[in-house]
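Single-letter residue listing:
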Amino acid sequence: MAAVQGGLVDAVEKKDIKTEPSEDSGGNNNANDGRLLSPPPGSSASAPGGNKPPAGAPEDQQTLLAVLQFLRKNNLAESVEILRREAGLPEDALDLKAGDSAGAGSGGAGGTVDLEGEDASSLLSRVTVSSSAAAQAPTKVTPSEDQPDVNVVLSAYSQQGDPALYGVYYSGLKRFIESVLDCHRAELSQVFYPLFVHMYLELVYNNHENEAKVFFEKFSGDQECYYEDDLRVLSSLTKKEHMRGNETLLDFRTSKFVLRISRDSYQLLKRHLQERQNNQIWNIIQEHLYIDIFDGMPRSKSQIDAMSGSLAGEAKREANKAKVYYGLLKEPEIELPLDDEDEEAENEEGKPKKKKPKKDSMGSKSKKQDPNAPSQTRIPLPELKDSDKLDKIMYMKEATKRIRLGPDNLPSICFYSFLNAYQGLTAVDFTDDSSLIAGGFADSTVRVWSVTPKKLRKVKSAADLNLIDKESDDVLERIMDEKTASESKILYGHSGPVYGISFSPDRNYLLTCSEDGTIRLWSLQTFTCLVGYKGHNYPVWDTQFSPHGYYFISGGHDRVARLWATDHYQPLRMFSGHLADITSTRFHPNSNYVVTGSSDRTIRLWDVLTGNCVRIFTGHKGPIHALAFSPNGKFLASGATDGRVLLWDIGHGLMIGELKGHTDTIYSLKFSRDGEILASGSMDNTVRLWDATKAFDDLETDDFTAATGHIHLQDNSQELLLGTYMSKSTPVIHLHFTRRNLLLAAGAYNP
Amino acid sequence: MAEERRPKQCTVVLPTESMKAMAESIGVGQLQEESCVALSEEVSYRIKEIAQDALKFMHHGKRRKLTTNDIDNALKLKNVEPLYGFQSQEFIPFRFASGGGRELHFYEEKEVDLSDIINTPLPRVPLDVSLKAHWLSIEGVQPSIPENPPPAPKEQQKVESTEPLKVVKPGQEEDGTVQGKGQGATAADGKGKEKGLIRLKPRSTHELSVEQQLYYKEITEACVGSCEAKRAEALQSIATDPGLYQMLPRFSTFISEGVRVNVVQNNLALLIYLMRMVKALMDNPTLYLEKYLHELIPAVVTCIVSKQLCLRPDVDNHWALRDFAARLMAQSCKTFSTTTNNIQSRITKTFTKSWLDEKTQWTTRYGCIAGLAELGADVIKTLILPRLTVEGARIKAVMEGPVVSNIDKIGADHVQSLLLPSPPATKYIVMATSAGPASTQQVP
């Protein structure tokens, strides 16, 4: 076991160095790369969609050259050499093209653009880009030296046309798109938003403050309403100096906005721009947009709206192609000893109780392996302790008494209200067996309550422990200090609001994360802090234990999700790729994957073994605050500030449902134990129950939808909604199904 | 292309005067106008940035209100020292001052005398966080307990009563009257309907659960029973419990029938009890009474103007009941009168008509005047004052006239005391006598 873990850690070590969080752009690969001398984005292994051919696109070439130039200026000859060799550039590439990065980019484009598969566009790009470069070469200003990282990032904006013409260009395109056939209009309209943003930024970057203002006022009203938040950020930004250090902008620049457009629509757009010689817009499309062209019918407006809304456009299709082992791990086989108290009687199988069942040797057991399940040893998991086995037995016993839920058999809901919390309750968690409840508060305390008659007791002090008889049968009972028994305990240690909280599956530990940038592990035996995990330098928004214990995941403002093991003070994995804060994190039931939701309005699924991002889901229109896997591991539900719940098929990487009804941020989602019911709790003081079985059954996945990911969602939220339960001015911030399918909800009463 | 136009993005910039004021406060005297402009733009941008970051903390704090702590945390995020001394749970009471052509908003910091603090007793320790569990739903049905909000909020009750015909989409039942799937039948036949829009009258649930029936029985018995303590409790329950919506039709019938029977039987005590029930119902903030006014108002009016309310009119104090009912009437006029139902004007007309009638008994006369008097100063001015002289003469006639029944005398006496003693009324009398003819002309 230990050896395997060591290996895992070692494998990660290299990664750690590379993605070390940096002060201002923590976690943003591309921004890091410019400075940390690691391979450029195209070939960076942990970059989203890292399977791009290295140095394929002209922009990559250009970035590479910029990096090379920078390295060379700083006399880092060795690095220059290594980088060039790795990128496969000829010896003289830099000398030839030095001095004019944009020109170099376009020159490189001519040779390599074919690799992109957009052969049709290559000709055009060669013509237009080089002509524009030639035309504007004299006006180009070399950016000042004092801010290399921003310059690398923003340098592309230095090319400019006549600022007064931007509005004309934009409205020209607008007129064109409004005049095309209906079926293409919706698709081409997607271009508006990224174009608008980039044109605005170009104006601002080149100090055309007034033109930028006019441009913004004229066209910001045309953008889709779900971009409002970003537009607000944009509107406050009116000077070049503001662009420095504004993360949102760096992201917009460094990551290409991804659009999916059908081939026909794309040809239409291209032809138009070609005819009009509209180089300005074409440049932007070439440099800042990634157009994912597909063959087939153009999509409808509703289809596009369902998928768009994220900070960087939709996910590329190939980003969701990797295989995901979403099946469940085989449960270790533990024979259920018959309960001698209540069901003594006949079929006793001959054995007296507590006969230890045979060890759970891997594989080879009667139940056949789920083809979609990862192999049992893919991720080294901790071995079951005796107490875990007892708990499993308890679990199975409870499971037999479980109520089968369905549309005609709704769960009862027990609501735990936190009184006198003074608006300070920030996080809640229940143990799996529903015996303990923990709350994190804004005053940095953590409180644990016992909701069963069994009180919370501490272990005796070391001196007292020496006195007890260690051989006695009830030693576990004797080590507890009866004097400390109470219904609740307070844990002090954090120095900022506690935003995330999670019990370990064995109920021995509690994990909390806080604004102070630490994650703390608490013992529920001694009620003291055991470890403070430092790594996130910024607030940590969420953390969760793996369903098998030992590992945990955290994510926060620094945009990097980290995977930890309780006995390592450094993270085992760092998952970087999100463009904004990671707002929620969850483990897949098989512990092989983690999912993170972010303020960039995307959801990413990460492979714990490789550290790769294997799924990117776009479609939410606000930061994602709630995530839940279905118990069978096949589906994911996510809830955001926009009040919508979206359902995802993990295997196919598709959105399969949208549940509308909540009017405010959804803070918690939970599937019932058998997965028939999805419960959602929201800031709008309601708990809603949805028919999950129906939502997943109604799914029609023909080959086309599976291949293209263009699903047509039916608007059936009303049919799927099974119940709405108002609480009395108590936002619902946590939901939990007990083992018998009773729904527990928690929130703070705000009179 | 967005369908709806958004409100203009805010491009507010701090005024340059603020920059000047701030510069002066740290000892920089002459600040160039240009630097002020540059500064204010920069500062505005930074403030917006901080506000946007602070929002994140609000969201993660699961709050709807931005607090000073969120701002502090946002500043910390930017490696800026947070602002100390602005800790406040609710809001910071900024004060406004102007002078010398300057306008300022400032945070008042009072000088505190330490000895005051030492000498005042310690404030009570705030209550500690505690955990309380209740049932939000039992097998899909939300129980009507004080911990839960009223099953049908007032707006919804209103919608139901004012729009009896509404379009019901299949599958929407849960959103309407019935929450959850408890009433299996309702949901089932709703689902059974063919798809499409069906116009149907929303079902008002007529059957009460066993608990509700028990409750109804207990409450009504206690309300009209002999034990005063029980009655107080029952009335309290009617006035505060959120889940009475479904029983409202029964309560209303109970009251109107009760008044009808007891007026005939001249049972004063019971009439008083019933009026107290009306009051309790009106006090309950979760009930939408409009639907039942047609039953309640006649009952109340009866208790105001009925000729006889008790067995021995000369001894019993039925005047108090009339006063009480008149107040109830005025209250319902105030809360329920709208331009469509015209309650106030209709009631006023009724009162005036019977008052003006020569043959009206003194008891009814008293009720009418009491009812009108409660309706407010305007009514008193336009309707009662002009009649004062006439009424005075009539009272005089009864009091000093030769043939007088005892009952009439008492009645006249009460009317007189009603008109006379209240200070505003005496004022009006003075006005009426001085400007008598002019105001009589205002009588409709």
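Residues numbered from 1 in each chain as written. Chains lettered and ligands numbered in written order. Predicted model: local features only at pLDDT ≥ 70, side-chain atom pairs only at ≥ 80, totals over all residues. Heavy atoms only, no water.

1. Description of the overall build of chain B
For clarity, the cut-off: In this description a helix means any DSSP run of H or I spanning at least four residues, a strand means any run of E spanning at least two, and both kinds are numbered starting from the N terminus. For every residue, the accessible area obtained with a 1.4 Å probe (protein chains only) is divided by the maximum for its type, and the residue is called buried under 20%, exposed over 50%, and partly exposed between those limits. Residue-level accessible areas treat just the shown protein chains as cover; the underlying method is Shrake-Rupley with a 1.4 Å probe.
Within chain B one finds 19 helices and five strands. Counting only residues that meet the buried cut, chain B has 37% of its 444 residues in that class. Accessible area for chain B stands at about 26000 Å²; split by element, carbon and sulfur atoms hold 59% of it.

2. Quick notes on the overall build of chain A
The cut-off we apply is this: The contact rule is simple, with two residues in contact once any of their heavy atoms fall within 4.5 Å.
Within chain A, the regular secondary structure consists of 24 helices and 31 strands. Each of the 751 residues in chain A was classed as buried or not, and the buried ones make up 58%. Long-range pairs, those at least 24 residues apart, make up 61% of the contacts in chain A with a sequence separation of at least 6. If you sum the accessible surface of chain A, you get close to 30400 Å²; carbon and sulfur atoms cover 52% of it.

3. What about unusual backbone geometry?
All names here are of chain A. With a phi angle near 70°, Ser 444 is a residue other than glycine that sits in the positive phi range. Inspection of the secondary structure assignment puts Ser 444 in the loop between β5 (436-441) and β6 (446-450). Backbone geometry places Arg 507, a non-glycine residue, at a positive phi of 65°. Relative to the helices and strands, Arg 507 is located in the loop between β10 (498-503) and β11 (509-514).

4. What about the UniProt feature "repeat: WD" (unreviewed entry) in chain A?
Residues and elements named next belong to chain A. The line we're drawing: UniProt positions are given in the numbering used here, feature names are shortened, and annotations may be inferred rather than shown by experiment.
The sites that UniProt annotates as "repeat: WD" (unreviewed entry) are residues 418-459, 491-526, 533-574, 575-616, 617-650 and 659-691. Across residues 617-650 one finds 0% helix and 56% strand; the C-alpha atoms that close the span lie 10 Å apart. For residues 659-691, helix accounts for 0% and strand for 58%, while the C-alpha atoms at its two ends are 10 Å apart.

5. With respect to the pairing of strand β29 (residues 721-726) of chain A
Residues and elements named next belong to chain A. Rules: For two strands to be treated as a pair, DSSP must find at least two bridges joining them.
Among the six residues of β29, five are classified as buried, and the element is accordingly described as predominantly covered. Across five bridges, strand β28 (residues 686-691) lies against β29 in antiparallel orientation. What sits directly across from Val 687, in β29, is Tyr 725.

6. Observations concerning the interface of chain B and chain A
The line we're drawing: Simply put, the buried area is the total loss of 1.4 Å probe accessible area from both parts when two parts are fitted together. Should a side-chain nitrogen of Lys or Arg be within 4 Å of a carboxyl oxygen of Asp or Glu, the pair is scored as a salt bridge. N or O atoms closer than or at 3.5 Å make up a polar contact, with two conditions inside protein: a donor-capable atom paired with an acceptor-capable one, and, for residues adjacent in sequence, both atoms drawn from side chains.
Each partner contributes to the interface: chain B provides 57 residues, whereas chain A provides 77 residues. Carbon and sulfur atoms make up 53% of the area that chain B and chain A hide from each other, which totals about 6200 Å². At the surface where chain B touches chain A, the tally comes to four salt bridges. The residue A:Asp581 makes a salt bridge to B:Lys56 at a minimum N-O spacing of 2.9 Å. The tally of links between chain B and chain A comes to 16 residue pairs in polar contact (both at pLDDT 80 or more). Contributions of two or more residues to the side of chain B that touches chain A are made by α2 (33-60), α3 (68-77) and β3 (130-137) of chain B. Counting residues per element, the side of chain B that touches chain A draws most heavily on α2(B), at 11 residues.

7. Some words on the pattern of salt bridges
Residues and elements named next belong to chain A. Within the structure shown, the criterion is met by 42 salt bridges over all chains. Of the charged contacts in the structure, one is a salt bridge between Arg 740 and Glu 398, with a shortest N-O distance of 3.2 Å. Of the two residues, Arg 740 sits in the loop between β30 (734-737) and β31 (743-748) while Glu 398 sits in helix α19 (residues 386-400), which places them 342 residues apart along the sequence. Residue class for Arg 740 comes out partly exposed when judged on its relative accessible area of 35%. A cluster of three or more residues bridged by salt bridges with shared partners is formed by Asp 391, Asp 432, Asp 433, Arg 507, Arg 673 and Arg 739.

8. Comments concerning the nonpolar core
Counted only if it meets this: Take the buried Ala, Val, Leu, Ile, Met, Phe, Trp, Tyr and Cys residues and link them wherever side-chain atoms come within 4.5 Å; each set so joined is a nonpolar core.
Core analysis: the largest hydrophobic core is formed by 72 residues, its most contacted members being B:Ile238, B:Ile255, B:Val259, B:Met275 and B:Met329. With sequence-adjacent residues up to four places away left out, B:Met329 is seen in contact with B:Ile297, B:Val300, B:Val301, B:Ile304, B:Ile343 and B:Ile347. Within the second largest apolar cluster, 44 residues are counted, among which are A:Phe176, A:Leu203, A:Tyr227 and A:Ile285.

9. Topic: the pairing of strand β27 (residues 677-682) of chain A
All names here are of chain A. Of all six residues making up β27, six are buried, and the element is well covered by its neighbours. Residues Ile 677, Ala 679 and Gly 681 point to one face of β27 and Leu 678, Ser 680 and Ser 682 to the other, with burial holding for every one of them. In the sheet, strand β26 (residues 666-671) pairs with β27 via five bridges, with the strands oriented antiparallel. From the neighbouring strand, Leu 669 faces β27, where its bridge partner is Ser 680. A loop of five residues connects β26 with β27, the two strands running antiparallel in sequence, and Gly 675 in this loop sits at a positive phi of about 80°. Of the pairings in the sheet, the one linking β27 to β28 comprises five bridges and is antiparallel in character. In the sheet register, Ser 680 faces β28, and the bridge partner there is Arg 688. Taking the residues between adjacent antiparallel strands as the criterion, β27 and β28 are bridged by three residues, where Asn 685 takes a positive phi near 70°.

10. Observations concerning helix α7 (residues 210-224) of chain B
Rules: Expected helix span is computed as 1.5 Å times (number of residues minus one).
Taking 1.5 Å of rise per residue, 15 residues should cover 21 Å, and α7(B) covers 22 Å from first to last C-alpha, within 8% of that figure. Here the buried face of α7(B) lies against α8 (228-240), α9 (248-264) and α10 (268-283) of chain B.

11. Remarks on the sheet that holds strand β15 (residues 551-556) of chain A
Residues and elements named next belong to chain A. Going by this rule: Simply put, an axis is a line fit to the C-alpha atoms, just over the touching stretch for a helix, and the angle between two N-to-C directions goes from 0 to 180 degrees.
Read from one edge to the other, the open sheet built from four strands follows the order β14-β15-β16-β17, with strand pairing classed as antiparallel. The sheet terminates laterally at β14 (540-545) and β17 (573-576), the two strands that pair on one side only. Direction aside, neighbouring strands of the sheet carry axes that sit 20° apart on average.

12. Focus on the sheet that holds strand β3 (residues 413-419) of chain A
One open sheet accounts for four strands, arranged β30(A)-β31(A)-β3(A)-β3(B); its pairing is mixed. Edge strands, defined here as strands with exactly one partner in the open sheet, are β30 of chain A together with β3 of chain B. Taken over all neighbouring pairs, the strand axes of this sheet differ in orientation by 25° on average, direction set aside. Alignment of β3(A) against β31(A), held across six bridges, turns out to be parallel. Residue pairing for β31(A): A:Phe415 is matched across the bridge by A:Ala745.

13. A few points about a nonpolar patch on the surface
Residues and elements named next belong to chain B. To keep it simple, the criterion reads: Put simply, a patch holds well-exposed residues, over 30% relative accessible area, that have no salt bridge, with like charges counted together within 9 Å and Val, Leu, Ile, Met, Phe, Trp or Tyr side chains within 5 Å.
On the surface, a nonpolar cluster with roughly 450 Å² of combined accessible area is contributed by Val 112, Leu 114, Ile 117 and Ile 118. As for its position among the elements, Leu 114 is in helix α4 (residues 114-119). What makes Leu 114 exposed here is its relative accessible area of 60%.

14. With respect to the side chain of A:Arg447
Relative to the elements of secondary structure, A:Arg447 occurs in strand β6. Relative accessible area serves as the criterion here: at 10%, A:Arg447 is assigned to the buried category. Of note is the side chain of A:Arg447, whose polar atom sits 3.2 Å from the side chain of B:Asp128. Once residues within four sequence positions are removed from consideration, A:Arg447 is found in contact with A:Ile437, A:Ala438, A:Gly439, A:Phe441, A:Lys489, A:Ile490, B:Asp128 and B:Val129.

15. Here's the deal with the packing of aromatic side chains
Selection rule: Working definition: rings of Phe, Tyr and Trp (its six-membered ring) pair if their centres are within 6.5 Å, and the pair is stacked with planes under 30 degrees apart, edge-to-face with planes over 60 apart, and tilted otherwise. Two conditions define a charge located above a ring, namely a distance within 6 Å from the ring centre to NZ of Lys or CZ of Arg, and an angle within 35 degrees of the ring normal.
If you walk through the whole model with that rule in mind, you get 27 aromatic pairs over all chains. Pairing A:Phe418 with A:Phe441 gives two aromatic rings, centres 6.2 Å apart and planes at 70°, and the pair type is edge-to-face. With A:Phe418 in strand β3 and A:Phe441 in strand β5, the pair connects residues that are 23 residues apart, well separated along the chain. Both residues of the pair, A:Phe418 and A:Phe441, belong to the buried class. Pairwise contacts between aromatic rings join A:Tyr170, A:Phe192, A:Phe196, A:Tyr200, A:Phe215, A:Phe216 and A:Phe219 into one cluster. The ring of B:Trp355 has B:Arg387 sitting right over it, with the charged end atom 5.4 Å from the ring centre.

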